Structures are given as C-alpha cells and as structure tokens.
Amino acid sequence: MSSLIKKIIVANLFFFTSICCNNKTHEHTHSKKQTSSLKNTFHNDFFIGAAINQNQILGQDSMAKLLLKKEFNSITSENNLKWMYIEPSPNNFNFVISDKFVALGEKNNMYIVGHTLVWHSQIADYMNEITDSVRMANYMESHIRALVGRYKNRIHSWDVVNEALNEDGSLRESIFYSLLGEEYIENAFRLAAEVDPKAELTYNDYNLCKPSKREGVIKLVQNIQKNGAKIDAVGIQAHWNLNDPPLDEIEKTILAFSKLGVKVMFTELDVSVLPNPWELEGVDENQNFQQFEGNTKMNPYPLKLPDSIQVQLTKRYEQIFALFLKHQEKISRVTFWGISDKQSWLNNWPIKGRTNYPLLFDREYQKKDAYMGIINQKKQTQF
Ligand code: G3I
C-alpha cells in the first residue's frame with residue numbers, strides 16, 4: 001500500500017473516531033489544546049464539576065480560580081442560589097451573586113448547574129410562617145418562575161427538588177409536603193419545564209445507595225413520569241466515606257436509575273476520612289454533636305493526613321472512578337462538593353472545627369494522590 005493511501009486511511013480513521021468518541025460531548029466542553037487535567041481526561045465520559053462558594057464566585061480566591069478554569073468544565077453554586085439568599089423576603093430577589101456565578105460559568109464555557117429551587121432547608125424565615133396552602137403554592141411558583149426565567153438558556157441544569165425523601169423512602173414532612181401534598185414535586189418540575197423547556201431537570205438527594213431510599217426515588221421518578229411531567233436526571237449527592245457506601249450498592253443505584261430512562265449524575269462528591277459521632281456506642285444521628293467539638297478522638301488528623309489514610313483515600317477514589325468509567329454511558333456529570341479540602345463543608349459537619357481531607361486538592365491547592373489515581377483509572381481503560 002502506498003504511503004499516501006495509508007495516510008488517507010489513518011486520517012479518516014482519526015476523523016471517524018473523534019466523531020464517535022465525542023458523541024456524548026457537550027459543545028461547552030470543547031477545548032482546543034488537550035492538556036492533562038480532570039476535564040480533558042474525562043472529556044468523552046462525563047462533565048467534571050465543582051461546587052463553588054461566594055469568594056470563588058467573586059474571584060477572591062486566586063488559587064481556586066486557576067484550578068477551576070484548568071480542571072473543571074461544570075460549576076454548581078454551593079449556597080448562593082438557595083432560597084434564603086436569593087429571595088430573602090417575598091418577591092424580593094437578590095441576584096447580585098447569582099448573576100456573577102452564571103457569568104463566570106459562561107466566561108469559561110462551563111455547564112452551569114442551579115442548586116436548588118425547592119428544598120426544605122436554607123429557606124427564608126418567612127416561609128416557615130406560612131400556614132395557607134394557596135400562599136405556599138404561589139410562593140413556590142413565583143420563586144421557580146423568577147429563577148428559571150432569569151437564567152433561561154443560561155443555567156443548563158436545575159436541581160428542581162432537593163432532599164424530599166426520608167431514609168425509608170417515604171416523603172419528608174417538609175413545609176412543601178405538609179401544605180401542598182405529594183403533588184408539589186411534579187408541579188415544581190412542570191413549572192420549571194414550562195419556563196425553560198431546554199433546561200435539564202433533576203431530582204437530587206443523599207444516601208441514595210441505601211436500598212430503601214433508592215426505592216423511594218424510583219417511585220418518585222415513576223410518579224412524575226406517569227403524570228406526564230418532565231424529569232431528566234437523578235442527582236446522587238455522593239457524600240461518602242472510606243468504606244461506605246459499598247461499591248456494589250453504588251453500581252446497583254446507577255443501574256436502577258438509568259433503567260428509568262433518566263441520566264445519572266453524581267452531584268456532590270466528597271469522601272470523608274473522619275469518624276462519625278453516631279458510630280459511637282449510645283450516640284444516635286439526631287443527637288446534638290456540639291459536645292464533640294474539640295474532642296481529639298473525633299478530629300484525629302488536625303495537622304496532616306497520615307500516609308496510611310492517604311493510601312486508603314486514593315484507593316477509594318480509584319475504585320469509585322473505575323466504576324464511573326465502567327458506566328460512563330449512563331453518567332452525565334460528576335461534581336465534587338468543593339475544590340480544595342480547605343473550604344469543604346465537611347470541616348464543620350457533623351462536628352464543627354475539624355480537619356477533613358475529602359477532595360482531590362489539599363489545603364495548599366496541590367493535587368493529592370487521589371488526583372493521579374483517578375486519572376490513571378482512565379489511562380488504564382485506554383489500553
Ligand atoms: O453566610 C454565613 C456567614 O455570614 C456566617 O458568618 C457563618 C457563620 O457560621 O455562616 C455562614 O453561613 C453558612 C453557609 O453555609 C455559607 O457558608 C452556614 O452557617 C452553613 O450552615 C452553610 O452550610 C452549607 C449547608 O449546605 C447548609 O445546609 C454548606 O456550606 C453547604 O456545603 C451545604 O450543602 C449541602 C447541599 O446544599 C445539599 N446537599 C447536602 C450539602 C451538604 O450539607
């Protein structure tokens with residue numbers, strides 16, 4: 001075969017492979033120079049996102065700013081789009097920070113996630129005083145219309161309803177449920193779809209790898225679908241630790257949700273390395289954990305993550321990403337709940353003032369071993 005013909009075949013093969021491999025790729029992620037980074041490594045698999053706080057939205061955290069741009073192609077606002085901040089009093093919206101959040105995502109060509117429209121927590125005080133269902137329905141509707149409308153075609157994905165379920169899969173007695181009944185969920189989805197038909201609409205919750213709660217989500221999604229409302233995805237928050245949830249339960253969850261015909265997303269990934277107080281004898285999950293503040297046993301690594309734990313964390317992240325890659329065609333996004341260990345919410349929950357190490361970048365914004373660990377998982381699939 002002449003070298004010219006060989007070149008033509010190779011060129012065609014390259015063209016064909018690029019098209020095939022990019023069939024999941026969103027136009028927002030296209031980058032000309034494929035330098036090594038999380039977003040480039042998983043470019044053909046899923047979006048790689050980060051939740052960002054107010055300082056980061058305002059560009060006041062210069063190291064985070066660099067990492068965000070280099071490593072991630074999706075952003076979620078960690079707190080600033082929540083009801084108490086964005087609508088602190090009825091129909092009085094404060095879009096100052098959220099406008100900057102969306103502008104930041106657009107400037108960097110990112111997949112922008114709105115967190116969250118309807119959630120019982122971090123609501124404004126006036127919401128707790130409502131006792132009349134018509135008023136509550138009106139507030140919910142005007143809130144959804146205002147946020148989704150303002151960012152129509154700009155926020156690509158909304159966590160429409162967040163954490164509506166109890167651990168046994170039943171519906172949580174939130175202010176929304178108690179005043180509006182079960183229908184508030186499909187109504188929220190219906191409204192969001194009406195205002196921005198192109199937006200990706202998600203139900204988001206934690207502990208979904210536990211069978212009872214997973215079953216609850218399956219029913220919830222089927223109910224929305226049966227009643228003809230639009231739901232595009234389930235967000236598995238993924239606030240995990242070194243051993244829990246087991247990998248086989250994560251896999252069952254991916255398969256179960258994907259069978260419903262919706263996208264599966266890991267929306268708030270972090271891996272805690274610290275003990276949980278409720279694992280101690282005689283302590284339950286509903287207790288006040290203030291008594292453990294300053295307790296050295298509950299904060300065992302205040303200065304440095306020991307090598308042995310770093311190894312466990314790396315292995316855990318490798319196993320998690322090996323599983324995500326195995327099911328990459330079902331998974332559309334993996335978002336870390338923060339950029340570096342320094343700002344993680346897990347330094348203050350469930351006990352305040354601890355030193356946790358749940359993310360891929362340390363307190364100096366340096367890559368931890370888990371970073372290379374997950375990149376290597378991808379490399380291994382390419383041979
Ligand atoms: O803004 C105030 C500040 O003015 C004050 O000085 C400071 C003193 O504590 O508090 C600041 O507010 C804190 C807020 O985060 C912003 O930093 C709140 O106390 C704190 O409770 C709040 O925590 C957030 C939490 O949601 C609230 O429920 C975390 O940052 C945020 O990571 C966390 O995110 C949730 C998701 O929305 C839903 N899924 C679970 C996830 C983790 O809980």
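These figures come from a predicted structure and were not determined experimentally. (Residues numbered from 1 in each chain as written. Predicted model: local features only at pLDDT ≥ 70, side-chain atom pairs only at ≥ 80, totals over all residues. Heavy atoms only, no water.)

Around the ligand lies a shell of 14 residues, among which Glu78, Lys82, His115, Glu268 and Trp337 are the nearest. Between Glu78 and the ligand, the recorded distance is 2.4 Å, taken from a side-chain N or O atom to an oxygen atom. In this structure, Glu163 approaches the ligand through a side-chain N or O atom, which is 3.0 Å from a nitrogen atom. For the ligand, whose free accessible area comes to 800 Å², the fraction covered by protein is 48%. Along the lines of polarity and charge, the residues of the shell around the ligand split into four nonpolar, six polar and four charged. (Near = heavy atom within 4 Å. Polar contact = N/O pair within 3.5 Å; in protein donor to acceptor, adjacent residues only side chain to side chain. Areas by Shrake-Rupley, 256 points an atom, 1.4 Å probe, with all protein chains shown as cover. Nonpolar A, V, L, I, M, F, W, Y, C, P; charged D, E, K, R; others polar.)

Now for the pattern of salt bridges. Close approach of charged atoms lets side chains of opposite charge pair. All chains considered together, the criterion is met by 17 salt bridges. With its nearest N and O atoms 3.4 Å apart, the salt bridge here joins Glu71 to Lys70. The buried category is assigned to Glu71, whose relative accessible area is 1%. Judged by its relative accessible area of 37%, Lys70 falls in the partly exposed class. (Salt bridge = Lys/Arg side-chain N within 4 Å of Asp/Glu carboxyl O. Buried < 20%, exposed > 50% of the residue type's maximum accessible area, 1.4 Å probe, protein only.)

The residue Ser272 is located in strand 8 (residues 263–272) in this model. Here Leu274 takes part through its backbone nitrogen, which lies 3.3 Å from a polar atom of the side chain of Ser272. Engagement of the side chain of Ser272 in a polar contact is seen with the side chain of Asn356, the distance being 3.1 Å. Once residues lying within four places of it in the same chain are set aside, the contact partners of Ser272 are Trp240, Asn241, Leu242, Leu346, Asn356 and Pro358. (Helix = DSSP H or I, 4+ residues; strand = E, 2+ residues; numbered from the N terminus. Contact = heavy atoms within 4.5 Å.)

Take Arg135: it is sitting in helix 8 (residues 133–150). Arg135 sits in the partly exposed class, given a relative accessible area of 40%. For the pair Arg135 and Pro277, spaced 142 residues apart in sequence, the C-alpha separation works out to 40 Å.

On to the confidence of the model for the protein. Per-residue pLDDT for the protein averages 92, and the proportion of residues at 70 or more is 91%. Predicted confidence for residues 1–32 stays below pLDDT 50, and this span has 24 contacts to residues more than four positions away or in other chains. (pLDDT = per-residue confidence, 0-100.)

Let us look at the nonpolar core. Counting residues in hydrophobic clusters, the biggest one holds 105 residues, and the most contacted among them are Met127, Trp158, Phe266 and Phe321. In this structure Met127 touches Trp83, Met136, Tyr139, Ile175 and Phe176, once residues within four positions along its chain are discounted. Counting five residues, the second-largest nonpolar core is a separate cluster that includes Val283, Phe289, Phe292 and Met298. (Core = buried A, V, L, I, M, F, W, Y, C linked by side-chain atoms within 4.5 Å.)

Counted according to the given criterion, the structure contains 20 aromatic pairs. With 5.5 Å between their ring centres and 20° between their planes, Phe42 and Phe46 make a pair best called stacked. The exposure class assigned to Phe42 is buried, which follows from its relative accessible area of 0%. Members of the aromatic cluster, connected to one another through ring pairs, are Phe42, Phe46, Trp240, Phe266, Tyr317, Phe321, Phe324 and Phe336. In this structure, Lys213 is placed above the aromatic ring of Tyr206, and the distance from its NZ or CZ to the ring centre is 3.7 Å. Positioned over the ring face of Tyr357 is Arg363, at 5.0 Å from the centre of the ring. (Phe/Tyr/Trp six-rings, centres within 6.5 Å; stacked < 30°, edge-to-face > 60°. Lys NZ or Arg CZ within 6 Å of the ring centre and 35° of its normal.)

The subject of this paragraph is the pairing of strand 9 (residues 331–336). Looking down a regular strand, the side chains alternate between one sheet face and the other. Among the six residues that make up strand 9, six are buried, leaving the element largely enclosed by the rest of the structure. As defined by bridge partners, strand 1 (residues 47–52) adjoins strand 9 across four bridges and the pair is classed as parallel. Each bridged residue has a counterpart across the sheet, and for Ile48 the counterpart in strand 9 is Val334. As paired elements, strand 8 and strand 9 share four bridges and run parallel to each other. From the neighbouring strand, Phe266 faces strand 9, where its bridge partner is Val334. In this fold, strand 8 hands off to helix 13 (residues 307–326), which returns the chain to strand 9; that crossover is right-handed. (Pairing = 2+ DSSP bridges. Right-handed = clockwise from strand over helix to strand, strands pointing away.)

A few words on the packing of helix 8 against helix 10 (residues 183–195). Interaxial distance between helix 8 and helix 10 falls to 9 Å at its minimum, and their mutual angle equals 35°. Here the hand of the crossing between helix 8 and helix 10 comes out right-handed. For the pair helix 8 and helix 10, the contacting residues are Met140, Glu141, Ile144, Arg145, Val148 and Gly149 in the first and Tyr184, Asn187, Ala188, Leu191, Ala192, Glu194 and Val195 in the second. A breakdown of the residues in the contact of helix 8 with helix 10 according to their chemical character gives eight nonpolar, two polar and three charged. (Axes fitted to C-alpha atoms, helices over the stretch in contact; angles between N-to-C directions. Left-handed = near helix turned anticlockwise from the far one by under 90°.)

Along strand 1, six of the six residues are buried, which leaves the element largely enclosed by surrounding structure. The side-chain alternation of strand 1 yields two buried faces, one formed by Phe47, Gly49 and Ala51 and the other by Ile48, Ala50 and Ile52. Bridging between strand 1 and strand 2 (residues 74–77) involves four bridges; their strand directions are parallel. Residue pairing in the sheet places Ala50 in a bridge with Ile75 of strand 2.

For the pair helix 10 and helix 11 (residues 211–226), the least separation of the axes is 10 Å and the interaxial angle reads 55°. Judged by the angle between their axes, helix 10 and helix 11 are oblique. Where helix 10 crosses over helix 11, the handedness of that crossing is right-handed. Contacts between helix 10 and helix 11 involve Ile185, Glu186 and Phe189 from the former and Leu220, Asn223 and Ile224 from the latter. Here the contact of helix 10 with helix 11 is built from residues that sort into four nonpolar, one polar and one charged. (Parallel < 35°, antiparallel > 145°, perpendicular 65-115°, else oblique.)

For the structure on display, the rule yields two cavities of 30 Å³ or more. When its volume is computed, the largest cavity comes out at roughly 40 Å³. Along its surface, the largest cavity is lined by Ala51, Asn53, Gln56, Glu78, Trp337, Gly338, Ile339, Gln343, Ser344 and Trp345. Tallied by class, residues from the lining of the largest cavity come to four nonpolar, five polar and one charged. One number sums up the size of the second largest cavity: a volume of about 30 Å³. (1 Å grid on protein atoms, 1.4 Å probe; cavity = no way out; pocket = protein on both sides within 12 Å on 5 of 7 lines; lining within 4 Å. Points joined across faces, edges and corners; volume = space filled by probe spheres on them.)

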